[in-house]
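# Observations on chain architecture
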Amino acid sequence: MKQLKLGMLALCMAAAGAANAVSLTIDAAKSGPVIDKNIYGQFAEHLGTGVYEGMWVGPESKIPNTKGWRNDVVGALKKMHVPLVRWPGGCFADEYHWKDGIGPRSKRPVKVNTNWGGVEESNAVGTHEFFDLIDLLGADAYVNGNLGSGSVQEMSEWIEYMTSDSKSTLANLRRKNGHDKPFKVAYFAVGNEAWGCGGNMTPEHYADLYKNVETFLKAPATSRPKLIASGGNDNDSRWSEVLAKQLKRQADAISFHYYTIPTGQWKVKGAATGFAENEWISTLSNTLRMDSHIRDNAAAMDKSDPEKKLGLFIDEWGTWYDVEKGTNAGFLFQQNTLRDAVVAALNFNIFHEHADRVRMTNIAQMVNVLQSMIITDKDRMFVTPTYHAFEMYVPFQGATSLPVTLADNPQYTLGSVSVPEVSASAARGKDGKLYLALVNTDPGKAAEVAVNVAGQAVKGAQGRVLTASAMDAHNTFQWPQAVKPVPFGATAANGKLNLTIPAKSVVVVEVE
Ligand code: AHR
């Protein structure tokens, strides 16, 4: 009943027009670049309960599963159309030795996950299990190789094991382990964060190592993975500049990582819940820096790759808060609130705008870690507000971006921090329909938006809104549906479409 009232409220609010509206124009005749579906990619690292427990429980578990992967979690992930999964790390990737993760599980070596909590790593999830997940999700595989503590030979043999259709010893070993046909490795990265946990290197040193590795990564021409060079972070666009110059002919993309921290300080990052408005606005302001980071890195790459052959893949992004009290600090577990959904939507709108260069992103991480889609505890699970933002934006996967102009868009200000009140993105979906996404960053005030589609009479807009009364509204095992999208729509009057976007909300509509 409460949900119904909220839905009706959204409908009424959407129908009301108002003075001082933000003016939004969609130029539906001018197509921009296609929004690669992989912009909605995910990241699953062997970290905390992100893979083990959260997704993988093993075939013998009482929790219903398919080949060891939880049916409830996989079912929910399928509904949000996960296009791509990056695995096995992160920092973990540069300590992962793939041969530990093949063959009978009972015989696999137990290692210590030195990056994440010093816990035992059973290697129960290895190459074959990862591809089982990929098959269950119907997603593409992004495998991250070990440059930091591995060898050129180890990486080249992994590629051969996964992709060769020959009768080589390694290809036959894959068959013996249960997979006759080669796996489809869509993307392969050479190391991770080589500037830090991946080896503390300079970009010049990394570029030389990359070239050496790339020379020996031999996959059949028809199934060669796209290769990703591990790039920089928000402190430094020099990585993008050096790698674009040196690796243009040997890489398909350069990666880049940027995390949103409310305080901007790694030592005390800010809490996931129970925060004050100053940390609402600082989080949004910090996340909007993604735009300038992309611009800086794209400009650095343009110097030697103006034709944009190389992609800039943001293969780690999202919010990073102080861990929840009483949890293992190495597990990076945090709650996920309406603020996270707004962060996700703001980033989607930025990624769409840079779709010519940004052709993949991977939010960190899929389950139970950082800005997750799903939170589990034993046999229970719930989906987060971030999950809803992802599933609301599904029509943008593979859509063609359209230019959007915002005029009279006021700033939402608190103290010395200001962010634009409204963020928007539009695209022509693969189904031919016109989709519009809107975010109202102000937690205290609805935003009036007058929508025009150049050269087209608009009849109305129908879709959904995600909002709640509290800035830190979130789902729990007790209230798993406290935050979820409800219907939202409006009919144009006298050829004009006015939308009232509720305070602190994300809206996705089809414009008719
Ligand atoms: O996502 C958590 C960690 O953040 C990753 O392992 C690492 O690449 C980054 O520093």
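Residues numbered from 1 in each chain as written. Predicted model: local features only at pLDDT ≥ 70, side-chain atom pairs only at ≥ 80, totals over all residues. Heavy atoms only, no water.

## Considering the overall build of the protein chain
Each helix and strand counted, the protein chain has ten helices and 26 strands in total. For 512 residues, the compact-globule estimate of 2.2 N^0.38 gives 24 Å, and the C-alpha radius of gyration of the protein chain, at 23 Å, lies within 12% of that figure. Taking the principal axes of the C-alpha coordinates as reference, the protein chain spans close to 70 × 55 × 45 Å. Residue burial in the protein chain is summarised as follows: out of 512 residues, 57% are buried. A separation of at least 24 residues holds for 76% of the contacts in the protein chain among residues at least 6 apart in sequence. When the accessible area of the protein chain is evaluated, it comes to approximately 20000 Å², of which 53% is carbon and sulfur surface. Put simply, the protein chain has 51 plus and 53 minus side-chain charges, and the middle of one group is 4 Å from the middle of the other. (Helix = DSSP H or I, 4+ residues; strand = E, 2+ residues; numbered from the N terminus. Rg over C-alpha atoms; globule rule 2.2 N^0.38 Å. Buried < 20%, exposed > 50% of the residue type's maximum accessible area, 1.4 Å probe, protein only. Contact = heavy atoms within 4.5 Å. Areas by Shrake-Rupley, 256 points an atom, 1.4 Å probe, with all protein chains shown as cover. Lys, Arg positive; Asp, Glu negative; His and termini not counted. Charge placed at Lys NZ, Arg CZ, Asp CG, Glu CD.)

## Details of the state of the cysteines
Tallied over the entire structure, the rule returns one disulfide. Bridging C91 to C197, the disulfide has an S-S length of 2.2 Å. Linking C91 and C197, the disulfide has an S-S dihedral of approximately -90 degrees and is accordingly described as left-handed. Taken together, the residues span a long stretch of sequence, with C91 in the loop between strand 5 (84-87) and strand 6 (111-113) and C197 in the loop between strand 9 (185-190) and helix 6 (203-216) at a distance of 106 residues. C197 sits in the partly exposed class, given a relative accessible area of 34%. (Disulfide = S-S within 2.5 Å.)

## Observations regarding the site of the ligand
The ligand sits among F43, E45, G90, C91, W116, N192, E193, Y259, E316, W320, Q365 and L370. One of the side-chain nitrogen or oxygen atoms of E316 is found 2.7 Å away from an oxygen atom of the ligand. Taking Q365, its side chain carries an N or O atom lying 3.0 Å from an oxygen atom of the ligand. Across the complex, the protein chains shield 94% of the 280 Å² of accessible surface that the ligand would expose by itself. In terms of residue class, the shell around the ligand is built from six nonpolar, three polar and three charged. (Near = heavy atom within 4 Å. Polar contact = N/O pair within 3.5 Å; in protein donor to acceptor, adjacent residues only side chain to side chain. Nonpolar A, V, L, I, M, F, W, Y, C, P; charged D, E, K, R; others polar.)

## So, the side chain of E193
Here E193 lies in the loop between strand 9 and helix 6. For E193, which is buried and forms no salt bridge, the nearest opposite charge comes from R86, at a distance of 7.0 Å. A polar atom in the side chain of E193 sits 2.6 Å from the side chain of H257. When residues no more than four places from it in sequence are discounted, the contact partners of E193 are C91, G198, G199, S230, H257 and E316. (Salt bridge = Lys/Arg side-chain N within 4 Å of Asp/Glu carboxyl O.)

## Some details on the sheet that holds strand 8 (residues 140-145)
Strands sit in the order 2-5-8-9-10-11-12-13 around a closed barrel of eight strands; the barrel is parallel. The average undirected angle you get between the axes of adjacent strands in this sheet is 25 degrees. Sheet analysis places strand 2 (residues 41-43) next to strand 5, joined by two bridges and oriented parallel. Bridge pairing in strand 5 places F43 opposite R86. (Pairing = 2+ DSSP bridges. Axes fitted to C-alpha atoms, helices over the stretch in contact; angles between N-to-C directions.)

## Quick notes on the pairing of strand 9
The element strand 9 is largely enclosed, with a buried count of six among its six residues. With five bridges connecting them, strand 8 and strand 9 associate as parallel partners. In the sheet register, A141 faces strand 9, and the bridge partner there is V185. This β-α-β element, strand 9 to helix 6 to strand 10 (residues 226-229), shows right-handed connectivity. (Right-handed = clockwise from strand over helix to strand, strands pointing away.)

## Some points on the environment of W56
Residue placement: W56 occurs in the loop between strand 2 and strand 3 (65-66). Here W56 is in contact with V51, K67, G68, W69, R105, A124, V125 and E129, once residues within four sequence places are set aside.

## Section: the packing of aromatic side chains
With the rule as written, the count across this model stands at 27 aromatic pairs. Here F131 and F183 contribute two aromatic rings whose centre-to-centre distance is 4.3 Å and whose plane-to-plane angle is 15 degrees, an arrangement assigned as stacked. With a gap of 52 residues between them, F131 in helix 3 (residues 127-137) and F183 in the loop between helix 5 (169-176) and strand 9 connect regions that are remote in the sequence. Measuring from ring centre to ring centre gives 4.7 Å for Y259 and W320, while their planes differ by 80 degrees; the resulting arrangement is edge-to-face. Note that Y259 is positioned in strand 11 (residues 253-260) and W320 in the loop between strand 12 (311-319) and helix 9 (338-353), a separation of 61 residues in sequence. With relative accessibility at 9%, the residue Y259 sits in the buried group. Owing to a relative accessible area of 14%, W320 belongs among the buried residues under this scheme. Among the aromatic residues, ring-to-ring pairing joins W87, F92, Y96, W98, F130, F131, W158, Y161, F183 and F188 into one connected group. A cation over an aromatic ring shows up here: R339 above the ring of F275, its NZ or CZ 3.6 Å from the ring centre. (Phe/Tyr/Trp six-rings, centres within 6.5 Å; stacked < 30°, edge-to-face > 60°. Lys NZ or Arg CZ within 6 Å of the ring centre and 35° of its normal.)

## Some words on the nonpolar core
Counting residues in hydrophobic clusters, the biggest one holds 119 residues, and the most contacted among them are M55, L77, M162, F188, Y206 and Y393. In terms of residue count, the dominant contributor to this core is helix 9 (ten residues). Judged by nonpolar contacts, the second largest core, of 28 residues, contains A447, A461, L497 and L499. (Core = buried A, V, L, I, M, F, W, Y, C linked by side-chain atoms within 4.5 Å.)

## Observations concerning the packing of helix 6 against helix 7 (residues 238-247)
Contact geometry of helix 6 with helix 7 gives a least axis separation of 9 Å together with a crossing angle of 35 degrees. In this structure, helix 6 crosses over helix 7, and the sense of that crossing is right-handed. Where helix 6 abuts helix 7, its residues P203, E204, Y206, A207, D208, Y210 and K211 lie against R238, W239, V242, L243, Q246 and L247. Taken together, the residues that form the contact of helix 6 with helix 7 break down as eight nonpolar, one polar and four charged. (Left-handed = near helix turned anticlockwise from the far one by under 90°.)

## Observations regarding the sheet that holds strand 23 (residues 460-466)
Within the open sheet, the six strands sit side by side as 16-20-21-26-23-24. Their pairing is antiparallel. Looking at the sheet topology across the chains shown, the edges are occupied by strand 16 (400-402) and strand 24 (486-491). Each strand of the sheet is rotated relative to its neighbour by a mean of 25 degrees, with strand direction disregarded. Running over the sheet, helix 10 (residues 385-392) touches strand 23 and strand 26 (505-511) and is turned about 160 degrees from strand 23.

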